[in-house]
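# Geometric and topological summary
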Amino acid sequence: MSKIPSALSLGIRRGNLEVRQFARQRESVVFTLLFPVILLAIFGSVFKDTIAPDVTFSQYFLAGMIASGLVNTGFQALAITIPLERDFGALKRLRGTPMPASSYFIGKSILIFISMVIQILLLLGFGILFFGVELPTDINKWITFSWLVLLGSACSTALGIAFSIVPKSGRGASAVVSPIVIILQFFSGVFFVFTQLPTWMQQVAAIFPLKWLTQGMRSVFLPDSFASQEVAKGWETGKTVVILLVWLVIGIFFSVRKFKWDRD
Amino acid sequence: MSLIEVKGLKKSYGDVHAVRGVDLEIEDGEIFSLLGPNGAGKTTTVEIMEGFRTRDSGTVSVLGFDPQTRGHESRKWRDRIGIVLQSSADAGDLTVLETIDHFSGYYSNPRNVDEVIHSVGLVEKENALIRNLSGGQRRRLDVALGIIGNPELLFLDEPTTGFDPEARRAFWALIQNLRSDGTTIVLTTHYLDEAEALADRVAVINGGVIIEVSTPAELGGRATSQATVAWRDGEITKSERSDNPTELVAKLSSHFGGEVPELVVSRPSLEDIYLEMIGGSHE
Ligand SMILES: Nc1ncnc2c1ncn2[C@@H]1O[C@H](COP(=O)(O)OP(=O)(O)OP(=O)(O)O)[C@@H](O)[C@H]1O
Ligand SMILES: [Mg+2]
């Protein structure tokens, strides 16, 4: 008899299946991927001011939307769809097979990573075409961008899987998860310039990853001169890495220890 | 040692005592049926054996393994069993073929995908999206996913719910084939005819306790129970219960000088016995 397939190879198979399944749900593809672009269009058209020399609000907002995209396509999508899959009984069926939980998680990560990349490309393309956003030319900025996307999507995916145990039912999941994400977006300086928010909001936001992702994205897409306008008068790159890593570990811990396959 | 051994199994949900001390031994290669009415504790018992639910007390060994164990050993164990749940569903955006083919990749020694699709009668629907299948077709897909891993042990929780009569016959044939390939099968059902047609042994369960375990033919002392002999004597129909119906018929025959008017000799049907066992009334 041959050996049981490895968790990694099954994870890749699952990723393939998840992508195919996702692509067939047209409404959710359009909604998940285009919603941030629509927001960018609205905010970019309404707020045309310059917030610092060489920095328009659209540019500031684009950085925030790319960071939020990481949260939307990862955390939000998973924390809503996993409880639905659980309610259907799809997860219980998987539990009854020799496929390990890690393969399921790998499959989800692949799906999330691909949809994030598509979303980022859409946002960047839109920003460049309509809002005069310029791509950085400094290679170091692209390096920062790469690890922000990797670490951000890992963090967002792990926390989404972990948070999927909170909603009691699939139908209620969206009502639990969406407000959390929207409030975080307000607090983290996605819709408003972060330094203009009340201090207590800034302090709350600093506990969660989104604030650090948005600030990190600003360090990529805004001129370095803008760093002095941040609350800490700098980009705080090291601190960002540490905080994202801590949340990643928390997410993985709860995903592995507490994941629920079954309603009861 | 038996393939499955359950001793003193108990499980409550709050103050609902779903399983109240069940003992079972299921042997290698047999078709074992758990027969009982709604809420009898069939699904609870089976899902504890499948490792889906925890037990309150008792011991359970399935293929020499405690289903509550987790980790890599449990993967190897799951590789050897197949499960058809009482109810399961998928989001439905994949085709029958894609789904079965995907699940086959989970196992070390899967069956051939086309053969499985053929054996559950879904060849014409193999490229249909799951969301477009009828209820009975979905159920056949469930069965396909239960057997794709070529299991040594197959659990079926009310597998034929929603099948039309022809599909049910085809399913019975499939199960008998699996058994002749050496698969051990644990089947829960409400249907007496299904238990009678398939099972080597039947356990009747009600209110969380096993009332009896025996072959379908001997259930409730059916093979040895008294026969009822009925006949017409003038204007009235008479009937008598007897351990020796042949003797009684011979006596009647000489009394009537040959043919006994409207003679009927009957034994209780499996259904009569079953309904009596679970405390229901017949007719
Ligand atoms: N998850 C649960 N939470 C609470 N009570 C439950 C749960 N599952 C089963 N029960 C209760 O336990 C009892 C046994 O249920 P079980 O599902 O095991 O019966 P069953 O024999 O499979 O019935 P059916 O033929 O209707 O499928 C029932 O009274 C049921 O209401
Ligand atoms: Mg049941």
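Attention in this report is confined to the structure presented alongside it. Per-chain numbering applies: the sequence of each chain, read as written, is numbered from 1 onward. Chain A is the first chain written and ligand 1 is the first ligand written, with later ones labelled in order. Two thresholds apply to this predicted model, a pLDDT of at least 70 for residue-level local features and 80 or more for giving and counting side-chain atom pairs, whereas whole-chain, interface and lining totals are computed over all residues. Hydrogens and waters are ignored; side-chain quantities use all the structure's heavy atoms.

### Let's talk about the environment of Gly135 of chain B
Residues and elements named next belong to chain B. As for its position among the elements, Gly135 is in helix α5 (residues 135-147). Note on classification: 1.4 Å probe, protein chains only; a residue is buried when its accessible area is under 20% of the maximum for its type, exposed when over 50%, partly exposed between these limits. On the accessibility criterion, Gly135 (55% relative accessible area) is exposed. Separated by 72 residues in sequence, Gly135 and Leu63 have C-alpha atoms that sit 32 Å apart. Per the convention used, a helix needs a DSSP run of H or I reaching at least four residues, while a strand needs a run of E reaching at least two, with both numbered from the N terminus.

### Brief notes about the interface of chain B and chain A
The interface of chain B with chain A comprises 29 residues on the first partner and 26 residues on the second. The term buried area means the drop in 1.4 Å probe accessible area that two parts suffer when joined, counted for both and summed. Considering only the surface of chain B that becomes buried against chain A, Arg75, His102 and Tyr106 of chain B emerge as the three largest contributors, covering 25% of it. A pair is scored as a salt bridge if a Lys or Arg side-chain nitrogen falls within 4 Å of a carboxyl oxygen belonging to Asp or Glu. Our count for the chain B to chain A interface comes out at four salt bridges. The salt bridge partner of Lys92 of chain A is Glu47 of chain B, with a shortest N-O separation of 2.8 Å. Polar contact is the term for a pair of N or O atoms within 3.5 Å; when the atoms are in protein, one must be able to donate a hydrogen and the other to accept it, and sequence-neighboring residues count only if both atoms are side-chain atoms. Summed over the shared surface of chain B and chain A, the result is 13 residue pairs in polar contact (both at pLDDT 80 or more). Elements with a contribution of two residues or more to the side of chain B that touches chain A: α2 (72-78), α3 (96-104) and α5 of chain B. In terms of residues, the side of chain B that touches chain A owes the most to one element, α3 of chain B, which gives four residues. Charged residues are taken to be Asp, Glu, Lys and Arg, nonpolar residues to be Ala, Val, Leu, Ile, Met, Phe, Trp, Tyr, Cys and Pro, and polar residues to be all remaining types, Gly included. Of the residues contributing to the side of chain B that touches chain A, the split by class is 11 nonpolar, six polar and 12 charged. Every residue pair with non-hydrogen atoms within 4.5 Å of one another is taken to be in contact.

### What to know about the site of ligand 1
The environment of ligand 1 is made up of 16 residues, and the closest members are Gly39, Lys42, Thr43, Thr44 and His190 of chain B. Ligand 1 sits at a junction of chains, with neighbouring residues supplied by chains A and B. At 2.6 Å from an oxygen atom of ligand 1 is found a side-chain nitrogen or oxygen belonging to Thr43 of chain B. Glu158 of chain B places a polar side-chain atom, nitrogen or oxygen, 3.1 Å from an oxygen atom of ligand 1. What makes a residue near a molecule or strand is one non-hydrogen atom of that residue sitting within 4 Å of it.

### Remarks on the coordination of the magnesium ion (ligand 2)
Where a metal carries four tetrahedral donors, each ideal angle is 109.5 degrees; where it carries six octahedral donors, the ideal angles are 90 or 180 degrees. All names here are of chain B. Distances decide who is a donor: an N, O or S atom must be within 2.8 Å of the metal, or within 3.2 Å for Na, K and Ca. Water is not included, so sites may look incomplete. Listed as protein donors to the magnesium ion (ligand 2) are Thr43 (OG1) and Gln86 (OE1); their distances from the metal cover 1.9 to 2.2 Å. Taken as a pair, Thr43 in helix α1 (residues 42-49) and Gln86 in the loop between β5 (81-84) and α3 lie far apart in primary sequence, 43 residues in all. Judged by its relative accessible area of 16%, Thr43 is buried. Here Gln86 falls in the partly exposed class, since its relative accessible area comes to 34%.

### Considerations on the side chain of Gln202 of chain A
Here Gln202 of chain A is to be found in helix α8 (residues 199-205). If sequence neighbours within four positions are ignored, Gln202 of chain A has contacts with Phe194, Thr195, Gln196, Leu197 and Val231 of chain A.

### Observations regarding a negative patch on the surface
All names here are of chain B. Patches here: salt-bridge-free residues with over 30% relative accessible area, like charges joined within 9 Å, nonpolar side chains (Val, Leu, Ile, Met, Phe, Trp, Tyr) joined within 5 Å. Reported accessibility uses the Shrake-Rupley method at a 1.4 Å probe radius. Residues are deemed covered only where the shown protein chains occlude them. Positive charges come from Lys and Arg, negative ones from Asp and Glu, while His and the chain ends are left out of the count. Charged side chains are reduced to one point each, which is NZ for Lys, CZ for Arg, CG for Asp and CD for Glu. A contiguous patch of negative charge, built from Asp23, Glu25, Glu27 and Asp28, is present on the exposed surface. Along the chain, Asp28 turns up in the loop between β2 (16-26) and β3 (31-35). Residue Asp28 is classed as exposed on the basis of its relative accessible area, which comes to 59%.

### So, the packing of aromatic side chains
Here is the rule: rings of Phe, Tyr and Trp (six-membered ring for Trp) pair when centre to centre is within 6.5 Å. Planes less than 30 degrees apart are stacked, more than 60 are edge-to-face, and the remainder are tilted. This structure, assessed with the given rule, holds 24 aromatic pairs over all chains. In textbook terms, an aromatic cluster arises when at least three aromatic residues are bridged by ring pairs, as seen for Phe43, Phe57, Tyr60, Phe61, Phe186, Phe191, Phe192 and Phe226 of chain A. A ring is scored as having a charge over it whenever the NZ atom of a lysine or the CZ atom of an arginine sits within 6 Å of its centre and within 35 degrees of its normal. If you follow Lys211 of chain A out to its NZ or CZ, it ends over the ring of Trp212 of chain A, 4.3 Å from the centre. When the ring centre of Tyr191 of chain B is taken as origin, the NZ or CZ atom of Arg168 of chain B, which lies over that ring, is 4.7 Å away.

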